[in-house]
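Structural characterization, general
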Amino acid sequence: MDSAIVELLIDNIISALATKASLLWGVRDAIADIKHELTSMRSLLIDADKRGASSAGEETWVTNVRNTAYDVEDVIDMFMYHINSQQIGGRFAWFLHHTIYIPQTLWVRHKIASKLQKINKTIKTTSELNQKYHVDPIEGKSSEDFHTWVVRHAESSLFVEEDELVGIKDKGKQLMMWLMDREQQQTVISILGMGGSGKTTLVANIYNSDAVKRHFDCYAWITVSQKYDVEDLLRSMIKEFHKSTKETNPSDLSSMNYRLLVEKLVSYLEKKSYLLVIDDVWDTNVFDELKISLRDRYPGSKIILTTRKDEVAHYPFMGIPYVHRIQLLEQDEAWELFCKKAFLGIPNRICPPELESFAQELVRKCKGLPLAIVALGSLMYSKNDTSQWNQINSCLNWNLSNNPELEAVKSILLLSFNDLPYQLKHCFLYCSLFPENHEIRRKRLIMLWMAEGFVEKFEGSTLEEIADSYLVKLTFKNMLQVVKSDEFGRSQRCKMHDILRELALSISVKEKFGVVHDGGEEMIECKARRISIHKTGGEVKSFTGMSKLRSFLVFNKSLKTLPSISKMLRVLDLEDAPIDELPDVVVKLFNLRYLNLRGTLLKKLPNSIGRLLNLQTLDIKDTQIKALPHGIGKLQSLRHLIMYSFTRNRNDFRHVTGMQIPPNIGRLKNLQTVCIVEAKGDFIRQIRSMGQLNSIGISNVKEGDILGR
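Counting restarts for each chain: residues are numbered from 1 in the order of the written sequence. Given that this is a predicted model, residues contribute local features only at a pLDDT of at least 70 and side-chain atom pairs are listed and counted only at 80 or more, while totals for whole chains, interfaces and linings are drawn from all residues. Only hydrogens and water are removed before side-chain values are computed, so all heavy atoms of the structure are retained for them.

1. Focus on the sheet that holds strand S6 (residues 440-441)
A sheet is described by the order of its strands in space; here three strands give the open sequence S6-S8-S7, paired in antiparallel fashion. At either margin of the open sheet sits one strand with a lone partner, and together these are S6 and strand S7 (481-485). As paired strands, S7 and strand S8 (residues 491-495) are joined by four bridges and run antiparallel to one another. Directly across from Ser 485, in S8, lies its bridge partner Ser 491. Strand pairing requires that DSSP identify at least two bridges connecting the strands. By the criteria applied, helices consist of DSSP H or I runs no shorter than four residues and strands consist of E runs no shorter than two, each listed in order from the N terminus.

Rendered as structure tokens:
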């Protein structure tokens, strides 16, 4: 997991070094050495991330690489801050720099060169650790053990007793209809849902039905998971089919190669109707490898597969599949399942009255996820008095790292996280910085990901289009839940399941990716690069590590004053904070890519806003700002300008009000979105010079405001 965080960090550093090389004279040799070493380390990190499981020595090495990469990032940003302070000052500052301040510039370069030399020494030490701990692309035993545990855990669903199941009967009706019909063609049924939602348990209950088994000549169950050997899968299928008909397995099965195994299976299934369950499928490659042995040779055969991924569920394996999306348990179903586990020793498994309020709250925290309900119910089984229940109910935040009883929950959900490419891992972790149950706007999330540098560049696609595809992938993989869609089926708002969010937060804190401050204790030190403020007493005090921050997000409507903000900040999100004046320090944030002031009490922006040369997104919707300053025209990197307000009249009708813009707005050649401006002056004419513009909103349009004007 850690390696994915570092991998993107190194990517961004290498990209920064390439694009800013012309400005880095005087320190290029030191930079070149660091770039070479980090590039080599990145290759090892890719291998480590693919393996997932790692040794303690490997984790130590990755941690050292991460800390070194952060140090390099800090040095580069500090240097660029110095360069930027000269660029934004105009001609007079340029004159001072080339006459009076040259000695100071040389001193800054000398200081940076000294820091880079120290970092180079650290990198060499880290490389020695690489040799010491044998960090290499050879897959370790721990990974194999984990894969074995996953398979066993999945297949244990085949042996769950009938009285332990909840909500299965009603959910299985549609599946039974698809399964038991007399269609002549072969049918594939896909069961889709997030990790721990009960897909395997549902299918196991149907698979074990006597009526189902009588319906087919033979049946088999195989578990694929993330790592599989196709020859082992074929052998398992042959054994299972023979077992279902009480036939003896072929004696030479273990020595057969792929071709012989396919021949054996094709021959055996000739003129047989069969049921095959392919459990826990993560990619479509396995279908292509098994398809040849499962050709439709006899009418009525059925294949059921379970998966967490939308693209797998809808893959045309044997024609268009039937897809059944697993829904999380309703409140009454969740309560019934919890009681079956937590009160196993009590007659009729009824919750004692003195524990009911605690138990109901614990069930609520599971948000209908069967895996979590079962794990938490089993944990509470041994708790006998109200004080224990109260203690767990008060402190339970799904800290999956410190509760051995919840290890199964963590392991199952980690499979989904580890399956993500490293870019999507960062995007997923970033969502955990939003509050619990928060509905995240699609456009807000996309712009934040872009500002953070999570979005890869591809020729022929905009960053917005690529970021949007990331969001689609996360919802298709059931890592985010769609709350609201537009008329085209595109997600408008999404949120994280509480337990997935806690998993993401635990990873974020461990890897110094991000941290949430919820007002529980006064924050003394922040070791992460991002902080999200959820609860405060009206102000946030400065703390150690503030200068290292790259993102500062506020979700507290009582925060009136800001602490001393890091001048390296990329993201400043103050949406709905009751601030009425923009702090002077904000316009000095040369590195700022995203500034969200939506819903604040601001009445104006300073003209010095033009100093934010790297700003990509400016959101001042629903503020009291009536007009933009002339300095806006200097924001050459600006891509999204959101600046309108809704007001209601006496009849409760809403109408939109735009803002006035300066005459130099046409200089913003990279602008993609403008919403919404008043059609005053020659703005309509200036639109022609904005070649990247793809979305625009205009208010107060008069008859004379036409494009031909």
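2. Digging into helix H9 (residues 199-207)
Of all the nine residues making up H9, seven are buried; the element is thus mostly covered by neighbouring parts of the structure. Taken together, the buried positions of H9 are occupied by Lys 199, Thr 200, Leu 202, Val 203, Ala 204, Ile 206 and Tyr 207. Relative accessibility thresholds used throughout: buried, under 20% of the residue-type maximum; exposed, over 50%; partly exposed, between the two (1.4 Å probe, protein chains only).

3. Focus: the environment of Asp 622
Position of Asp 622 among the secondary structure elements: in the loop between strand S14 (617-619) and strand S15 (640-642). When checking whether two residues touch, look at their non-hydrogen atoms; a contact exists if any pair is within 4.5 Å. Sequence-distant contacts of Asp 622, defined by excluding residues within four places in its chain, comprise Gly 599, Thr 600, Tyr 644, Ser 645 and Phe 646.

4. Quick look at the packing of helix H15 (residues 331-342) against helix H16 (residues 356-366)
Fitted lines through C-alpha atoms give the axes, limited to the stretch in contact for helices. The angle between two N-to-C directions lies from 0 to 180 degrees. Where H15 contacts H16, the axes come no closer than 10 Å and their chain directions differ by 115°. The element H15 and its partner H16 pack so that their crossing is right-handed. In this structure, H15 contributes Gln 331, Ala 334, Trp 335 and Phe 338 to the contact, and H16 contributes Glu 356, Ala 359, Gln 360, Leu 362 and Val 363. For the contact of H15 with H16, the class distribution of residues is six nonpolar, two polar and one charged. By convention, the crossing between two helices is left-handed when the near helix turns anticlockwise from the far helix through less than a right angle, and right-handed when the turn is clockwise. In this classification, Asp, Glu, Lys and Arg are treated as charged, Ala, Val, Leu, Ile, Met, Phe, Trp, Tyr, Cys and Pro as nonpolar, and every other residue, Gly included, as polar.

5. Brief notes about the pairing of strand S4 (residues 302-307)
Of all six residues in S4, six are buried; the element is thus mostly enclosed. A two-sided burial pattern is seen for S4, the buried positions comprising Lys 302, Ile 304 and Thr 306 on one face and Ile 303, Leu 305 and Thr 307 on the other. Where strand S1 (residues 187-192) and S4 come together, six bridges link them in parallel fashion. Bridge pairing links Ile 189 to Ile 304 in S4. Both strand S3 (residues 274-281) and S4 contribute to a ladder of five bridges, which runs parallel. Residue pairing in the sheet places Val 281 in a bridge with Thr 307 of S4.

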